[in-house]
Each structure stands twice: as C-alpha cells, then as structure tokens.
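Examining the three-dimensional arrangement
Residues per chain, in single letters:
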Amino acid sequence: MKNSFLYPVDTCTRRVVDISGIWKFKVDKNNEGRAKGWKDGLVDTTLMAVPSSYNDIFTDKDIREHVGDVWYETEVFIPVEWKNFNVDIRFGSATHRAVVWVNGIEVVSHEGGYMPFSGRLNDVVKFGEKNKVVVVVNNELDYTTIPCGTIKTYEDGKKILFPFFDFFNYSGLHRQVKLVALPKESVYDITVKTDIKGKDGVIDYEIITTGNSDVIIDILDEDEKVVETGNGKKGSITINDVNLWKPGNAYLYTFNVKIVNGDTVIDDYPLPVGIRTVEVKENRILINGEPFYFKGFGKHEDCEYHGRGYNPVVNLRDFELLNWIGANSVRTAHYPYAEEFMQMADRKGLVVIDETPAVGMFDMLNNFIAAGTGAGKKTGFFDRKEVHTKTIVNHKDAIRELLLRDKNHPCVVMWCLANEPDTSQDASAPYFKQIFEYAKTLDIQNRPMTFTNFLMAPFGKCKVHEYADVILLNRYYGWYMQGGPELPYAKEIFKKELQGWASTGKPIIISEYGADTMSGVHKLPSVMWSEEYQQEYLNAQHEAFDSCDNVVGEQMWNFADFQTTEGIMRVNGNKKGAFTRTRQPKGAAYLLKERWNNIPDYNYKK
Ligand code: BDP
C-alpha cells in the first residue's frame, strides 16, 4: 500500500518523532548532484531551517531565484525498540517535487508541492544507530505541472522561472518532517460522512486496515467520555442529542479506531470528527440545513523569512485576526495549506473552501512575456495537446491526494478544483468536464465542487460554469478595469454581470475582490493605492454584492500583503491585503470588521 494520508499522532501503539530543525543544505548550481551521487552524502554544505522556504534566508539573489535542484541532509537515530514496527519518514510537503534517500537508497519520491508523502525505512536503516537522510527538492514548472509555469534558459545555462501565477514560487521543505513508527497491522485510512437526524447525529464510516483483525470504535465527546461505540470496518453510528460542528462554534468528537485481538490492542488511531451537513439548494448553500453567508478572505501561506514554510506563530496570529475581523471562512488560495492549518480551522469553526494547486492554467502571462520580449505568438493554454494528455493526469492526482488528505475535516465545505483557468476557451470545456466527473467520484460527502472564474471569461463567455455547483467569481471592477474616477461606473458594470450569473440559478460567492494599497499612504480625495481608495473600492463592491440575491458570500483578496515575482505591477509584492505582511491592520480592516459584524452567518439574504 502507498502513503497513508492519516495525520501522524502518538498513541499507545504509535510513535512520532519530529526531525525538523537545522539541516545541511546545498544549492545545485550546476545541476550535477544527481549524476555525481550526492544522494550518498553532501560536501561543502551550508545550513537550512526545516520547515521553511529556502529563498528568503540568504542574502544571495542567485539562491533566492534558483531554478532547479536543492539538496538537504540530516541524520536520524532509529531506536532498537522500533524493530517490530513499520518505520516511515514523512514529509508534510516538498515544493514542488522531491526524492528521498536513506543511507544512499531511494525510499520515496513525490510530485506536487503541497501534499504529505512518506517512505518505508525498515529495509534500509540500521536500528540503534544514526542513519543519513538526503533529499533533493526541485522547483521547476511547465505547462504540464500543477501549478503551471515556464522556464527561460539563457546561453550560459542560467534558468529563470516565470510562474503563470501571482505569488512567489517559494520552494523547499515547507512542512515538518517526522519519523513515524506504526504497528505492523495498522489503521491505514478512515472515511466519514456525517448527517443530522432530528436531535441526533449519524456517522457513516469506512475503515481500511493493513490486516484482518477486528476493529472497534469509541466515540468520545470533548470531555473524553465515551458516548457511543461501534465495531467493524464499515458501518454507521448514531450519537443521541448530538453537539453539532457549527461555523464559529465548533464541536469535535473523537472517532477512535482500535484494531484488537481479544484484549490486546494492536493499533489505536483517534480521528477528530465534527457532525455537520453541507448542501446546495437552489441559490443557497446550506450548512446544517440553514443558508450560510461566507465572510472572509482568500489567503496565502506567506510571511517574512519563512516564505511558505509552516510557522505556528503566524498560523495562530492569523486565526486571531480572522476572529477579530469577524471572518467566518477562507479559501486556501492557491494550494492546499498545512495540515496544522486545517486542524485549527476544525477547532475554531472556520469554514474552508479547499483549493487544489491548479493555478496558472492561463496563457495571458506567457503571452504578456512574449509580447514584451518579441518572442512567440499568442497561445491558448487549453489549445496545447500536452494539457489534455499530461497536465490533466497531474491535475487529477492533485485532486485525488487533496481529497484523501482533507476529506474528513468538518471545516471543508467545498472543493475548489482550479483557480482562474482560461475558461473562455472552447477547449477548456472537455478538460473540465473530465475533471469534475472525476472529482465527483471521490467525495462520499458529496460536497459542492467549483473553480474560480476570472474576469476574462465573464458571464456569457465562460465555457465551464455548468459543471460547477457554485459560481465563484474573482472580480476587480474598479481596480484592473474602471479604476480611479471610473469607480462609480465599475460598480454598475459589476451589478449587471452579477445579474447574468444569477440567471443560472446557482449561488454565487465573490471569491476575490481587492485593490492594491500601500499601508500608510493617505490621500484626500482618494487616489488608487491609497488607504482611502481601498475603502471606497470595498464599499462599491459591497453595494454590488448586496444588490444580488444569489451572492451568498464575499472573500476579499487578500487577507494580508504577500510576496510575488518582481515586476512592474507589484511593489515588493501584492499589496491587496486587509492586513500588512507583518499582520497589522490597514484602514480597510476596520471597514470589513464593521460590515461583517453586522452580517449574520445565517439567513443574511432571506
Ligand atoms: C487573481 C488571482 C490572484 C492574484 C489576484 C491579483 O487569482 O492570485 O493575486 O488576481 O491580481 O487573478 O491581485
């Protein structure tokens, strides 16, 4: 069996050791490490923090912008008493792909920068001794990878990466690395589906183990009291007088699975479970049967020095700010976030639209570069053959892994399968028909599935929206178009487009709207980039949302300022944040707080 996607936890039958910290590091400037056997051990190394992006740590621009391989090395001690366990090394993520060797032998490789993967160590390690772990991480992107980008190679061999997306291509070991000791017969996967029957909650479940011994289940409440029990690998358990998982008021039960042989516990795994339902009914999204209104942000995993590396301090600060501002939801733009983020969302009752890393399926950026350099002619992303043969395979893999990892999180109420693909193209329709059909087979909870529509495929031009259960719109009327003195007209144009989308009868969420704003720049009367303009812009957008009954949510772009590729459109990054990159409020944050405190979570639009 491959990778178990269950989050590693210590129990009476399992051991987890976090081996993150300071590792050896080497940039493969001449792309020679694979041929020269660096897998056996690195020489002339420097140091690197794991987890982190490696880009913003050094003062050397060549390292920040490096395109290709970087190498990591550490030593791990494997206790003798683990001989009777299955011993795995587990990476929270490696962006965008990695190969791992232990004592010179390959134990696992993985494609895709935002998912956990693990390799089995039993046959390659010396127990009771130190063992050498070497990892190569590669950050190259092309039309077939998820996300998408392209590389330009200069005559001297220097590679420059052009991501087809608006965030810095942070790379490295972004999440914790752990050693996991599992019993030989273990819980491999759990899938739950919850329902509400009057005052009771129902958990339908399916468990996969690596053996044939009996399985028993205890359901524990938050006081760790057993409230229900069950047995068998498949079944249904009813909890009387259930405490529901509610937005802003989460309640988590523990679905504790034990593999037993008589009185002996072979394995023990606790899965947090929240009882809630999600459904789309006409033009509303119902959570626990009631029409929910999404208030919040599109976010990024981004902060100074760490880049995209998981940082528990920033994670917690973000949850504090989300609570302060009255947000009830976020979209994990533009890739799956750390597992620890999802766990926190479960605990805090933050509603999540969970997004794949399928971003950059649009050739405008490339066309823009081509226009600037005089190279190439206009191309359409979905006109490329390899997109329908290779990209689609990687895209499906990314969806499959995301659903495997996140399927049981009560916070996840919707799957966003792609961000701003070029759905104005005819050739995008058959592509997404397949993507949606495939994704629909994977979620037993049958949660709504969607993608974000971009402003070049407005109502009437989009070829894909019929497959989506909910319409997600990224719109910048008053910023990229009709900005400044045209703002009053921008609002009216937006209202008109919304009426078009409303005629589909589907619920609409404005998944991005925002204006770049330099914190501290004030101007009376306002001009674009000033804090005053950001607030006027937001008021205009909100008026448009309130004019359309089908709009059931607003997620401002972005929660905080974030780093992007350098260029003439960005001043040291994207500045559309309600908060600065160091997580302090701009004036707009107070405006949003005021508005969102006056919008109820439920039944905003009766
Ligand atoms: C949207 C993208 C987002 C960008 C944003 C912007 O989805 O990644 O950062 O526009 O331009 O097109 O700020």
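Residues numbered from 1 in each chain as written. Predicted model: local features only at pLDDT ≥ 70, side-chain atom pairs only at ≥ 80, totals over all residues. Heavy atoms only, no water.

The following threshold applies: UniProt positions are given in the numbering used here, feature names are shortened, and annotations may be inferred rather than shown by experiment.
The name given to the protein in an unreviewed UniProt entry is Beta-glucuronidase, with Oceanirhabdus seepicola as the source organism. The protein has a UniProt comment under Sequence similarities (unreviewed entry) that states "Belongs to the glycosyl hydrolase 2 family."

Remarks on the sheet that holds strand 16 (residues 226–231)
Selection rule: Note on pairing: two strands pair once DSSP finds at least 2 bridges between them. Strands here are runs of E lasting at least two residues and helices are runs of H or I lasting at least four, both read from the DSSP assignment and numbered beginning at the N terminus. Angles run from 0 to 180 degrees between N-to-C directions of axes, and those axes are lines fitted to C-alpha atoms, restricted for helices to the stretch in contact.
Spatially, the 4 strands line up as an open sheet ordered 16-15-18-19, and their pairing is antiparallel. Looking at which strands have only one partner, the edges of the open sheet turn out to be strand 16 and strand 19 (264–273). Neighbour to neighbour, the strand axes of the sheet diverge by 20 degrees on average, direction disregarded. Two strands pair when backbone bridges link them, and strand 15 (residues 214–220) and strand 18 (residues 253–261) are joined in this way by 7 bridges, in the antiparallel orientation. Within strand 18, the residue paired with Asp218 across the bridge is Asn256.

Comments concerning the packing of helix 7 (residues 487–502) against helix 8 (residues 531–546)
The condition that has to hold: Orientation is classified from the angle alone, with under 35 degrees giving roughly parallel, over 145 giving roughly antiparallel, 65 to 115 giving roughly perpendicular, and any other angle giving oblique. Should the near helix be turned anticlockwise from the far one by less than a right angle, the crossing is left-handed, and should it be turned clockwise, the crossing is right-handed. Contacts were defined at the residue level, with two residues in contact if any of their heavy atoms lie within 4.5 Å. Classification convention: Asp, Glu, Lys, Arg as charged; Ala, Val, Leu, Ile, Met, Phe, Trp, Tyr, Cys, Pro as nonpolar; all other residues, Gly among them, as polar.
The interhelical angle for the contact between helix 7 and helix 8, taken along N-to-C directions, is 30 degrees, at an axis separation of 9 Å. Taken together, the axes of helix 7 and helix 8 are roughly parallel relative to one another. Both helix 7 and helix 8 take part in a crossing whose hand is right-handed. In this structure, helix 7 contributes Leu487, Lys491, Phe494, Lys495 and Leu498 to the contact, and helix 8 contributes Tyr533, Glu536, Tyr537, Ala540, Gln541, Glu543, Ala544 and Phe545. In the contact of helix 7 with helix 8, the residues fall into 8 nonpolar, 1 polar and 4 charged.

Description of helix 2 (residues 312–325)
Basically, it comes down to this: Every helix has an expected span of 1.5 Å times one less than the residues it contains. Note on exposure labels: buried denotes an accessible area under 20% of the residue type's maximum, exposed denotes more than 50%, and partly exposed covers the range between, all computed with a 1.4 Å probe on protein chains only. Arc definition: directions from the helix axis to the C-beta atoms.
In this model, helix 2 (14 residues) spans 20 Å end to end at C-alpha, consistent with the 20 Å of a helix rising 1.5 Å per residue. All of the buried residues in helix 2 are Val314, Asn315, Asp318, Phe319, Leu321, Leu322 and Ile325. Each buried residue of helix 2 sits inside an arc of 165 degrees when the element is viewed along its axis, so together they form one side. Set apart from the buried face of helix 2 by more than 90 degrees, the exposed residues are Val313 and Asn323. Close packing links the buried residues of helix 2 with strand 23 (294–298), strand 24 (329–331), helix 3 (339–348) and helix 9 (587–597). Count one or two residues on from helix 2 and you reach Gly326, which has phi positive near 85 degrees.

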